[in-house]
Structure formats: C-alpha cells, structure tokens
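Chains, contacts and geometry: an overview
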Amino acid sequence: EALLLEPHHAPLHADLGEQQALRLGLAKVLARPTMNDMRASTGFGIDNTRHIYTGGGGNPLLEPFRATAFDLSYEKYFGNKGYVSVAAFYKKLDTYIVTMTNASYNFTSRLLPTTTKLPSNIGEWSAPTNGTGGSISGMELAASIPLSMLTPMLDGFGVVANYSNTGSSV
C-alpha cells in the first residue's frame with residue numbers, strides 16, 4: 001500500500017492504513033512576552049517575616065520566546081471509539097523569558113525619608129529577563145479506550161490515560 005501524505009492539522013500527516021497515522025511537525029516558534037512581563041512599572045515593600053525589602057517590576061525590553069521545534073507522533077485509532085498514541089518532541093531554544101531574583105539588590109535609591117527603615121537596604125528584586133540557549137525535549141503517551149470494546153455490558157465506561165516525561169536544559 002502506498003504511503004499517503006497530505007496536509008492535516010500537523011504540517012505533515014501520513015496515513016499508514018489500518019487506522020494508523022504518523023504526524024511530523026517542524027516549526028520556527030515565536031511567542032511574544034505577556035503585557036504584564038513588559039510593564040514599565042515597578043514597586044517594592046517590606047517582607048515583615050524576613051525583615052527585608054522586596055520588589056520587582058516588568059521589563060519593556062524583553063525579546064520574544066524563540067525556538068526551533070520538531071514533533072513526531074504515531075497514532076492508532078479504533079474506529080471512532082478510541083485511540084492510542086505516542087509522541088516525541090524537541091525544541092531548541094534561542095531565547096526564552098524567565099523571572100530572575102537578585103537577592104543582593106540595593107534599595108537605597110528607592111527609599112524616601114518616610115520609608116520604614118530596616119537594618120539593611122539590601123533585599124530581593126524580581127523581574128523578567130531573557131535567557132538564551134537550551135532545549136526542551138520529551139515524550140508523551142496517551143490512550144482513550146472505551147470499555148465497550150471488551151464487552152457491551154461496559155458501554156458508557158472507559159479509560160483515558162496520559163503520561164508525559166519532559167526534560168530541559170536552560
């Protein structure tokens with residue numbers, strides 16, 4: 001039987017016959033930062049539990065999340081009743097957004113004469129920043145099995161199971 005390739009929801013879909021499918025996706029991915037991450041405002045306060053200043057803000061200079069992605073999946077369908085699938089993915093990260101905390105931030109320039117004085121002007125400042133390089137990879141298993149496939153007495157009952165294992169290096 002010939003391998004049929006056709007556009008589908010994934011960039012490349014191969015119908016393997018006997019209700020089996022192979023999907024391949026290759027993409028350049030771009031996701032813009034959230035408006036909250038890009039806000040120009042900042043603020044700070046006092047953590048009364050630890051007796052330190054804490055603060056943070058946005059970063060209007062953030063770059064988008066950029067990656068090159070590869071996805072491959074195999075799917076086996078049981079009529080219109082159920083399926084099992086296995087998928088693998090790999091994303092090479094060019095840039096990403098992460099919130100960083102500087103535990104040695106000097107709040108002196110932000111303090112007013114009316115600000116509550118603490119033993120130290122050093123505290124924690126958190127803000128989103130761009131990271132570069134790294135990868136995300138993993139695999140996923142999924143199944144949706146109606147138990148009516150075993151016996152008509154179990155019509156209306158079924159099992160849905162998912163497993164995912166993801167690793168990253170950033």
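Residues numbered from 1 in each chain as written. Predicted model: local features only at pLDDT ≥ 70, side-chain atom pairs only at ≥ 80, totals over all residues. Heavy atoms only, no water.

Some details on the environment of Thr68
What counts here: By definition, any uninterrupted DSSP run of H or I lasting at least four residues is a helix, any uninterrupted run of E lasting at least two residues is a strand, and each is numbered from the N terminus. Contacts are assigned to residue pairs that have any heavy atoms within 4.5 Å of one another. Pairs of N or O atoms within 3.5 Å make up the polar contacts considered here, provided that, within protein, one atom can donate a hydrogen while the other can accept it, and that residues adjacent in sequence are counted only when both atoms are side-chain atoms.
Counting through the fold element by element, Thr68 comes out in strand 6 (residues 65-78). Put simply, Thr68 and Lys92 are 24 residues apart on the chain and 5.2 Å apart in space, counted from C-alpha to C-alpha. Residue contacts for Thr68: discarding those within four places in its chain leaves Ala27, Lys28, Tyr90, Lys91, Lys92 and Asp94. Separated by 3.4 Å, the side chains of Thr68 and Lys28 make a polar contact.

Some points on the side chain of Arg23
With respect to the helices, strands and loops of the structure, Arg23 is situated in strand 3 (residues 20-31). A distance of 2.9 Å separates polar atoms of two side chains, one belonging to Arg23 and the other to Glu75.

Some thoughts on the packing of aromatic side chains
Threshold: Classification of ring pairs uses Phe, Tyr and Trp, with its six-membered ring standing for Trp, and accepts pairs whose centres are within 6.5 Å; under 30 degrees between planes counts as stacked, over 60 as edge-to-face, and the remaining range as tilted. Any residue under 20% of the maximum accessible area for its type is buried, any over 50% is exposed, and the rest in between are partly exposed; the area is computed with a 1.4 Å probe on protein chains only.
With the rule as written, the count across this model stands at seven aromatic pairs. On the basis of an interplanar angle of 40° and a centroid distance of 6.2 Å, the ring pair of Tyr77 and Tyr83 is categorised as tilted. Residue Tyr77 is classed as partly exposed on the basis of its relative accessible area, which comes to 30%. Connected via pairs of aromatic rings, a cluster forms that spans Phe44, Tyr53, Tyr105, Phe107 and Trp125.

With respect to the confidence of the model for the chain
Heads up, the rule is: pLDDT runs from 0 to 100 and stands for how confident the predictor is about each residue.
For the chain, per-residue confidence averages 92 on the pLDDT scale, and residues scoring 70 or more make up 94% of the total. Under a pLDDT of 50 for its full length, residues 1-10 has, in the predicted model, 17 contacts with residues more than four places off or in other chains.

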